[in-house]
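Coordinates in review
For reference, the chains in residue letters:
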Amino acid sequence: MARVVLVVPCYNEAARLPVEELASFVLPQDELRMLFVDDGSTDETREVLTQLVARAPERLAMLALERNGGKSEAVRRGVLHALDGQVHGEADWVGYWDADLATPLEEVERFCAVLREEPDKDVVFGARVRLLGRHIDRKLYRHLYGRAFVTAVSTMLALPIYDSQCGAKLFRAGLDVRAAFATPFISRWIFDVEVLARLIGRYEARGDDLAHHLVEVPLRRWSDVAGSKITSFDAARAAGELARIGLEYRDILRARRRRRR
């Protein structure tokens, strides 16, 4: 039985946190722990999380950050906290999940099944793919923007990924993941791309290909949650951050492209 730790970043989520679902959810085959990271909230989020953790202290924990550092820093600090064994023991698998549960927690078991059944796979990403029999409730403009953005990401990383930005991810705990989260990200928002760039560097350094160890799992259900928006400013910021990531990791990415010619 694997011990799974999910990091749930929270910033001013007091009115949106699905408390009952978070408090009651368990995995059928593995031990699930949740670490809620309060990213310096200015509303009642910390109080809500304190009450939530008190309902199941053996499964739930909170890490309170004094200042708002953005989602990237909240996730990074949470992942390192989990890897250090500070969430009810050492984690076998660690990941992060959006607090609004746009991706239902029931999908966690499918992610775990990949790591359980395929020992060569180290990284599992959720993918919001509209297929018959799936319920992906995503606004058209977000879908179109997402397709354009991930095409740029895929080209830059030379990695045929479908959905880099879904807020549901799980990793096999180990040195690669620790290295990927060891230092602050240059991006506050699209840090998922930076995680991929860092992992690519780790795998390339030993002559391996991250693409052979990453699996995208098409979600059965995903929904836009009220209060979550992408504005034109956000789109411009994401483009700028993507350019900065490309420059920061250009040597890693050039080496990867050379190897694949």
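Structure report, in brief.

What counts as what
Residues numbered from 1 in each chain as written. Predicted model: local features only at pLDDT ≥ 70, side-chain atom pairs only at ≥ 80, totals over all residues. Heavy atoms only, no water. Helix = DSSP H or I, 4+ residues; strand = E, 2+ residues; numbered from the N terminus. Rg over C-alpha atoms; globule rule 2.2 N^0.38 Å. Buried < 20%, exposed > 50% of the residue type's maximum accessible area, 1.4 Å probe, protein only. Contact = heavy atoms within 4.5 Å. Areas by Shrake-Rupley, 256 points an atom, 1.4 Å probe, with all protein chains shown as cover. Lys, Arg positive; Asp, Glu negative; His and termini not counted. Charge placed at Lys NZ, Arg CZ, Asp CG, Glu CD. Salt bridge = Lys/Arg side-chain N within 4 Å of Asp/Glu carboxyl O. Patch = residues over 30% accessible without salt bridge, like charges linked within 9 Å, V, L, I, M, F, W, Y side chains within 5 Å. Phe/Tyr/Trp six-rings, centres within 6.5 Å; stacked < 30°, edge-to-face > 60°. Lys NZ or Arg CZ within 6 Å of the ring centre and 35° of its normal.

**Focus on the overall build of the chain**
- When its secondary structure is counted, the chain shows nine helices and nine strands.
- Taking 2.2 N^0.38 as the reference for a compact globule, 261 residues should give roughly 18 Å; the C-alpha atoms of the chain span a radius of gyration of 18 Å, in line with that estimate.
- Projected onto its principal axes, the C-alpha coordinates of the chain cover approximately 55 × 40 × 40 Å.
- Here the chain holds 261 residues, and the buried ones make up 54% of them.
- If you take every contact in the chain between residues at least 6 apart in sequence, the share linking residues at least 24 apart comes to 81%.
- When the accessible surface of the chain is totalled, it reaches about 11,900 Å², and 52% of it is carbon and sulfur.
- Taking the average location of the 40 positive side-chain charges in the chain and that of its 39 negative ones, the two points are 6 Å from each other.

**Let's talk about the pattern of salt bridges**
- Scanning the model with the defined rule gives 27 salt bridges in all.
- Here Arg46 ties to Glu66 by a salt bridge, and the two come within 3.7 Å at their closest N and O atoms. Linking Arg46 in helix H2 (residues 45-55) with Glu66 in the loop between strand S3 (60-65) and helix H3 (71-83), this pair joins segments that are 20 residues apart in sequence.
- By relative accessible area, which is 65% here, Glu66 ends up exposed.

**Overview of a positive patch on the surface**
- Where like charges cluster on the molecular surface, the positive patch consists of Arg250, Arg254, Arg257, Arg258 and Arg261.
- Within the element layout of this structure, Arg257 appears in helix H9 (residues 250-259).
- Under the relative-accessibility criterion, Arg257 is labelled partly exposed at 33%.

**Some details on the environment of Gly174**
- Looking at where Gly174 falls in the secondary structure, it is placed in the loop between strand S7 (168-172) and helix H6 (175-181).
- For Gly174, a relative accessible area of 35% gives the class partly exposed.
- Between the C-alpha atoms of Gly174 and Ala205, which are 31 residues apart in sequence, the distance is 16 Å.

**Brief notes about the packing of aromatic side chains**
- All told, the structure shown has nine aromatic pairs when counted by the stated rule.
- Look at Tyr96 and Phe181: their rings are 6.4 Å apart centre to centre, the planes differ by 75 degrees, and that puts the pair in the edge-to-face class. Of this pair, Tyr96 sits in strand S4 (residues 93-97) while Phe181 is found in helix H6, placing the two residues 85 residues apart along the sequence. Taken as a pair, Tyr96 and Phe181 share a single burial class, namely buried.
- On the basis of an interplanar angle of 80 degrees and a centroid distance of 6.4 Å, the ring pair of Phe125 and Phe171 is categorised as edge-to-face. Taken together, the residues Phe125 in strand S5 (residues 123-127) and Phe171 in strand S7 connect sequence positions 46 residues apart. Note on accessibility: Phe125 and Phe171 belong to one class, buried.
- Ring pairs connect the aromatic residues Tyr96, Phe125, Phe171, Phe181, Phe185 and Phe191, which therefore count as one cluster.
- Sitting over the face of the ring of Tyr162, Arg147 holds its NZ or CZ atom 3.8 Å from the ring centroid.

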